[in-house]
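# Structural features, examined
Below are the chains, spelled out letter by letter.
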Amino acid sequence: MEFIGNQINIKSVFATLTVAFLVGRINLFEGTFPAAVALITVMAAVSTVYIYLVPVMIGGMLTFSGQGLDFYGDMAAMIFCGVFFLFFHKQKFTIDQRTAVAAAAVILCSCIYYSSQDMLYLLSLQTLAKETAALIIYIRVFNTIARVLFAGQGVDQIPVEKVSAALAVFAVSLVGAVGVSQAVFALWLFLFAGICYCKGLQPALFTAAIAAVFWWCQGCRDETAFIAVFAALLTGWYTAGLLVGRYRKTALALVMFSVITFFVPEQVYGAAVSMALMTALPAQLLIRVWSTVMSKMFPEIRTEQDVQLFTIKRDLRKKREAFASLAKMYSADFDNRQVISYQFQGMARVVDRLLDDLSGHGISAESQGMPSVPVGSASYAFEDVSGDSCLSFSFGGNKQAMIISDGMGKGSRAQAESRMVVVTLARLLEAGFDVDIAMKTVNAVLMAGQKGDMFATVDLAIINKETGRAQIFKMGAASTFVKHQGKVSALKRPAPPVGILDGVKLEYIDVKLRKGELLVMVSDGVTDCDRQDPECQWLRQRLSEIGSRDPETVAELIVNKAAEKYGIRERDDLTVMVAAI
């Protein structure tokens, strides 16, 4: 989600100018300035007023005058991005579109500059590729920070890991912008040691890795020094981790200083100053400074326990939104006592899970970075609107859901029924309801409808992203297909659609999906396209012939083939969803 706003905090103008000047001095790959182009690209989305940052960053670049750096191409690219986004400020560019414009500007302006100076032979394609990659990273970093500072989005809306990574890159880059080797080295060491002591081993190691990469990007090619700094950081942190709190800070400083002195003697003075300061400062002062900085940036986060509590609060906000939407949806005049009963049962189970989360210190799987499951879909409507609806979403931290529903008949009424089914199921599952309760709720709502008979098919697949095991629930739905190493198998289970019978007997197909397999779900319009082939051999053959693993491509190819097989006879709506494991 792209943040575009226009809020300006006057009190932060001086700080913004200082940061912009330092960003203008971030020099990578011996003469490139991707951070300056990235900052103006993002800040132009916040407000066109921030065009005033362009001359400030130019001032930062000009501090390298006389050092033989050809930064004028990047300066031209920065000016171009500022003017371009100022002129087209009414266009709501996505972050990817802004990134594409900025990357094109960097490449084009660099080529023009080197050509105009008859130095095109000096333009390294490798350096240009590195700069483009750094530009993309910095745009993401600045966009994340802008969303936090200007849009007021906190950890309940942006993953904590993403914000922490952006702040680490930002902090290391600003320290590196100082440009004095001994001072930079000392500041880095002090920053890492402080983070280690106040925040813990993992964020300190992560920041150390970012700093090492940044140091290398700034032109350091000494592998011995590179390895030595890592050895110092790792040795110091793990040694300090074995000690009690009151000795940890001193041990950290001494071990890091010893290793750095042995391997990188030229940095001994910076290391000595940094580690001496680390040892001399009272522990309470370090923690107080850290807490103050974090409370200014994120008032809600000060300790790991705060992060865990806010993870639970974020889940609760999602559940509250789902309950509010459901209450509005089911506020009709029909007798909905059964629906209310199911909702209360579901809410009771949600509370049970929350109590379990709190007992387990509130660590949810959502914050642990489960692997993603790419899902693609394609559909074809043979009238103005399709009676099919489909939806894919993640929930519960480690689960991926795919839903296809086909409403009764065709046209807008069928679409309304199927859309209600997929949206309701999605909201209930995201709120923490069991599949059984969620499906019974949908069935009861359709049964209680006042506009005549209402029913719809439901094809629901829930994939555990960690184990690969999938549960496939079918209520009047077509077969599901699994492709593995060119072979295709079908999964089916007969059951009536929801909205026909009072009460739902829910059963599911349990299947273990392996890496490289494709899970293909289709509406009955796809399986019914060839009446002479009730076992859908054509679909199995088509799937086995498709070499692509891109879900969108596979779904499009199947829909096109099904539409072709209908010929001129009356057609049904077509929907295909594909998950690549």
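Computed from a predicted model, the values in this text were never measured in an experiment. (Residues numbered from 1 in each chain as written. Predicted model: local features only at pLDDT ≥ 70, side-chain atom pairs only at ≥ 80, totals over all residues. Heavy atoms only, no water.)

Tallying secondary structure elements over the protein chain gives 20 helices and ten strands in all. Looking at the protein chain residue by residue over its 581 residues, the buried ones come to 49%. A total accessible area of about 27800 Å² is found for the protein chain, and carbon and sulfur atoms account for 59% of it. (Helix = DSSP H or I, 4+ residues; strand = E, 2+ residues; numbered from the N terminus. Buried < 20%, exposed > 50% of the residue type's maximum accessible area, 1.4 Å probe, protein only. Areas by Shrake-Rupley, 256 points an atom, 1.4 Å probe, with all protein chains shown as cover.)

In this model, the protein chain carries a mean pLDDT of 77, and residues with pLDDT of at least 70 account for 77%. When the elements of the protein chain are averaged for pLDDT, helix α15 (residues 337-359) gives the smallest value, 56, and strand β9 (residues 518-522) the largest, 92. Between residues 1-8, whose pLDDT stays under 50, and residues either more than four places distant or in other chains, the model counts 29 contacts. Counted against residues more than four places away or in other chains, residues 361-368, with its pLDDT under 50, gives 19 contacts. (pLDDT = per-residue confidence, 0-100. Contact = heavy atoms within 4.5 Å.)

What follows deals with a nonpolar patch on the surface. A surface patch of nonpolar side chains, about 220 Å² in accessible area, is lined by L285, V289 and V293. With respect to the secondary-structure elements, L285 resides in helix α13 (residues 283-297). (Patch = residues over 30% accessible without salt bridge, like charges linked within 9 Å, V, L, I, M, F, W, Y side chains within 5 Å. Salt bridge = Lys/Arg side-chain N within 4 Å of Asp/Glu carboxyl O.)

Below, the discussion takes up the pairing of strand β5 (residues 469-475). Of all the seven residues making up β5, five are buried; the element is thus mostly covered by neighbouring parts of the structure. Two strands pair when backbone bridges link them, and strand β4 (residues 458-464) and β5 are joined in this way by six bridges, in the antiparallel orientation. By the bridge assignment, A461 is partnered in β5 with I472. Between β4 and β5, which pair antiparallel and follow one another directly, the connecting turn spans four residues, one of which, G468, has a positive phi of 85°. (Pairing = 2+ DSSP bridges.)

Tallying each qualifying case throughout the model produces eleven salt bridges. Between K474 and D459 there is a salt bridge, with its nearest N and O atoms 2.9 Å apart. One end of the pair, K474, is in strand β5; the other, D459, is in strand β4, and 15 residues separate them in sequence. Residues R542 and E545 are paired through a salt bridge, measuring 3.7 Å at the closest nitrogen-oxygen approach.

What follows is about the packing of aromatic side chains. One pass over the full model with this rule turns up 16 aromatic pairs. With centroids separated by 5.5 Å and ring planes inclined at 65°, the aromatic side chains of F33 and F64 adopt a geometry described as edge-to-face. Taken together, the positions of F33 in the loop between α1 (13-24) and α2 (34-46) and F64 in the loop between α3 (53-62) and α4 (72-87) put the pair 31 residues apart, joining distant regions of the chain. When sorted by exposure, F33 lands in the same class as F64, which is buried. For the pair F84 and F93, a centre-to-centre distance of 6.0 Å together with 35° between the ring planes defines the contact as tilted. Residue F93 is classed as buried on the basis of its relative accessible area of 15%. Against the face of F85 rests R98, its NZ or CZ located 4.5 Å from the ring centre. (Phe/Tyr/Trp six-rings, centres within 6.5 Å; stacked < 30°, edge-to-face > 60°. Lys NZ or Arg CZ within 6 Å of the ring centre and 35° of its normal.)

Further remarks concern the sheet that holds β4. In spatial order, the strands read β2-β3-β4-β5-β8; together these five strands make up an open sheet with antiparallel pairing. Of all strands in the sheet, those bounded by a partner on one side alone are β2 (388-395) and β8 (508-512). The mean inter-strand angle of the sheet, taken between neighbouring strand axes irrespective of direction, is 15°. Against the sheet, helix α16 (residues 411-431) contacts β2, β3 (399-406) and β4, and its axis sits at roughly 10° relative to β2. Packing against the sheet, helix α17 (residues 435-447) makes contact with β4 and β5, and its axis sits at approximately 160° to β4. (Axes fitted to C-alpha atoms, helices over the stretch in contact; angles between N-to-C directions.)

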